[in-house]
Amino acid sequence: MPKGVYKLPNITNEPIKSYAPGSPERAALKEKLNEIHNQVVDIPMIIGGKEIRTDKLADIRPPHDHQHLLGHYHQGDASHVQLAIDAAMKAKPAWEKMNWESRAAIFLKAAELIAGPYRQILNAVTMLGQSKNAFQAEIDCVCELADFYRFNVKNMYDLYHMQPNSSAGIWDRTVWRPLEGFVFALTPFNFTSIAGNLPGAPALMGNVCVWKPSKTAVYSAYIVMKILQEAGLPDGVINLVYCSGPTASDVIFSNKDFAGIHFTGSTGVFNDIWATIVKNIGKYRSYPRIVGETGGKDYVFADPTAKALPVATALIRGAFEYQGQKCSAASRAYIPSNIWPEVKALMQADLNKIKTGGVEDFSNFVNAVIDEASFDKLAKAIDDAQASPDAEVILGGKYDKSKGYFIYPTVIQAKKPDYITMREELFGPVLTIYVYEPDQIEETLDLLDAGSAYALTGAIFSNDRANIEKLTERLTHTAGNFYINDKPTGAVVDQQPFGGGRASGTNDKAGSVFNLLRWVSPQCIKETFIPATNYMYPNFLES
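If you're wondering where the values come from, they're calculated on a predicted model, not measured in any experiment. (Residues numbered from 1 in each chain as written. Predicted model: local features only at pLDDT ≥ 70, side-chain atom pairs only at ≥ 80, totals over all residues. Heavy atoms only, no water.)

Engineer: Kindly report on the packing of helix α4 (residues 119-130) against helix α7 (residues 218-230), identifying the contributing residues and their values.
Structural biologist: Orientation of α4 relative to α7, taken along the N-to-C sense of each, is 160°, at an axis distance of 8 Å. Accordingly, the angle class assigned to the pair α4 and α7 is roughly antiparallel. Crossing geometry of α4 relative to α7 is assigned as left-handed. Residue-level inspection shows Ile121, Leu122, Val125, Thr126 and Gln130 of α4 in contact with α7, the latter providing Tyr219, Ser220, Ile223, Val224 and Ile227. Residue composition of the contact of α4 with α7, grouped by class: seven nonpolar, three polar and no charged. (Axes fitted to C-alpha atoms, helices over the stretch in contact; angles between N-to-C directions. Helix = DSSP H or I, 4+ residues; strand = E, 2+ residues; numbered from the N terminus. Parallel < 35°, antiparallel > 145°, perpendicular 65-115°, else oblique. Left-handed = near helix turned anticlockwise from the far one by under 90°. Contact = heavy atoms within 4.5 Å. Nonpolar A, V, L, I, M, F, W, Y, C, P; charged D, E, K, R; others polar.)

Engineer: Before we move on, could you go through a nonpolar patch on the surface and cite the residues and values that matter?
Structural biologist: Together, Trp171, Phe529 and Ile530 line one region of the surface with nonpolar side chains, adding up to about 390 Å² of accessible area. Residue Phe529 is classed as partly exposed on the basis of its relative accessible area of 49%. (Patch = residues over 30% accessible without salt bridge, like charges linked within 9 Å, V, L, I, M, F, W, Y side chains within 5 Å. Areas by Shrake-Rupley, 256 points an atom, 1.4 Å probe, with all protein chains shown as cover. Salt bridge = Lys/Arg side-chain N within 4 Å of Asp/Glu carboxyl O. Buried < 20%, exposed > 50% of the residue type's maximum accessible area, 1.4 Å probe, protein only.)

Engineer: An account of the domain arrangement of the protein chain is requested, with residue identities and associated values reported.
Structural biologist: Along its sequence, the protein chain is carved into domain 1 (24-294 + 505-526) and domain 2 (299-484). Here the C-alpha centroids of domain 1 and domain 2 sit 31 Å apart. Contacts between the two partners involve 29 residues from domain 1, matched on the other side by 28 residues from domain 2. Carbon and sulfur atoms make up 60% of the surface buried where domain 1 meets domain 2, a total of about 2,400 Å² over both sides. By the criterion of area lost to domain 2, the three top residues of domain 1 are His64, His66 and Phe189, representing 24% of everything that side buries. Where domain 1 packs against domain 2, one counts one salt bridge. When the shortest N-O distance is used, the salt bridge between Asp65 and Lys403 registers 3.3 Å. One can count 14 residue pairs in polar contact (both at pLDDT 80 or more) joining domain 1 with domain 2. Those elements giving two or more residues to the side of domain 1 that touches domain 2 turn out to be α1 (24-37), α4 and α5 (134-160). (Domains from an automatic or database assignment. Buried area = accessible area lost by both parts, 1.4 Å probe. Polar contact = N/O pair within 3.5 Å; in protein donor to acceptor, adjacent residues only side chain to side chain.)

Engineer: I'd like a rundown of the environment of Glu542, residues and numbers included.
Structural biologist: Mapped onto the fold, Glu542 is located in the segment after β23 (520-528). Using a relative accessible area of 79% as the deciding quantity, one classes Glu542 as exposed. Separated by 233 residues in sequence, Glu542 and Leu309 place their C-alpha atoms 83 Å apart.

In structure tokens form, the structure reads like this:
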């Protein structure tokens, strides 16, 4: 076929629509929400391009209205996981030989479908299935997922241009091969964009994937899969299976062709996965790539020069957007006593206005947490704080699961800096604040650094440039994404590559060239145009 060195289309971030009253996108989304709410969908697995149904069905219900049935999905077992592996390995030879521009075109088309005809479908299923309000859905399942697919193509293009130098008479080049085997994508409920990117990034680089989404995000995963199919993804390149984590793990981690895992989820699960891979290391054709973004206990630290209003706003948005279920959500804060009364009053004023409820009412800032297990965990943490001499619930503290799994925004003031909610991840709309004295900055920074096993995101607030410089240096290893005078959430693809260290993961920065590097195995090729014909080197000659 004809060849060329192709220039990519202009790659930019997808603009965020406002969904303001009277806007056309608001009307379109409300219509789509009503349509999807009033149908019962049947969701099969997709393996080798075929829809696979079983006799074991699981309900899909909105977290904010758990009496309503959105549909059901077909649960698989170990045989379906093996079927997915077989389909992936069958598709692998043709897919990895496909020209890079064809792979790029598939994902660029998928991004256009997401931003265009599928925009409100994907928004609606994410809102209803994962209880996200319109703005949080828009920035996630539309804008960020489109950004992932577009910028992954740009990063692939840049990666392929990373080539070695050559001496005279020699041509050195690097071939960016896909991994030898299949990649397992194990994806979370909280971001449809992450769920779509975890199998998408390896696939773009020529790999084949088995994708197991969270059981609470099957609906949106299925729509993403249908978009990829419409964009031209060949059968078997990505295979979507619904089964328990242990069922998938038993099959996948004992298979010789397992080549890597792309994971977002809890630190405990990731640790177990890593240990299982190590135990089985002798079974694999090559050393598997282990890429994971895990838990967080993300912080906000304000120094005594910080202004109260920006701090309060960052805490409200950072802690309570999407019910605190972002990996990056602010869940602990260190506020100096000189600005604390004003910060508290401003937060109280905002919380008095914030509405909690279902996603169909666009004025609700807070919606439901994902399921009953999450609700029960958070309710217990609030009750424990109410009863503890070491903490006080100073704002919020209400919860109700009679209709949906609603945890109202809650602020706990810790009387001890090592109170449990200052240390352990809750993953909900519960923020814990420790108030420190202005002359105790260094000691408080030590508490912050040592107070959590995680290092995902963190934010500092200061109006003193020298302090900003000192705080940034002192907190270097406490966050993979660090924010100055801003909330610790809202990373944008190609602007703030996302990922953290310590117990927060391998810090491979989703949406960047650093992540794509994990899904290739470079081969160096040296071609000599006129080969040597004499084994002797000059130093061996007699004078």
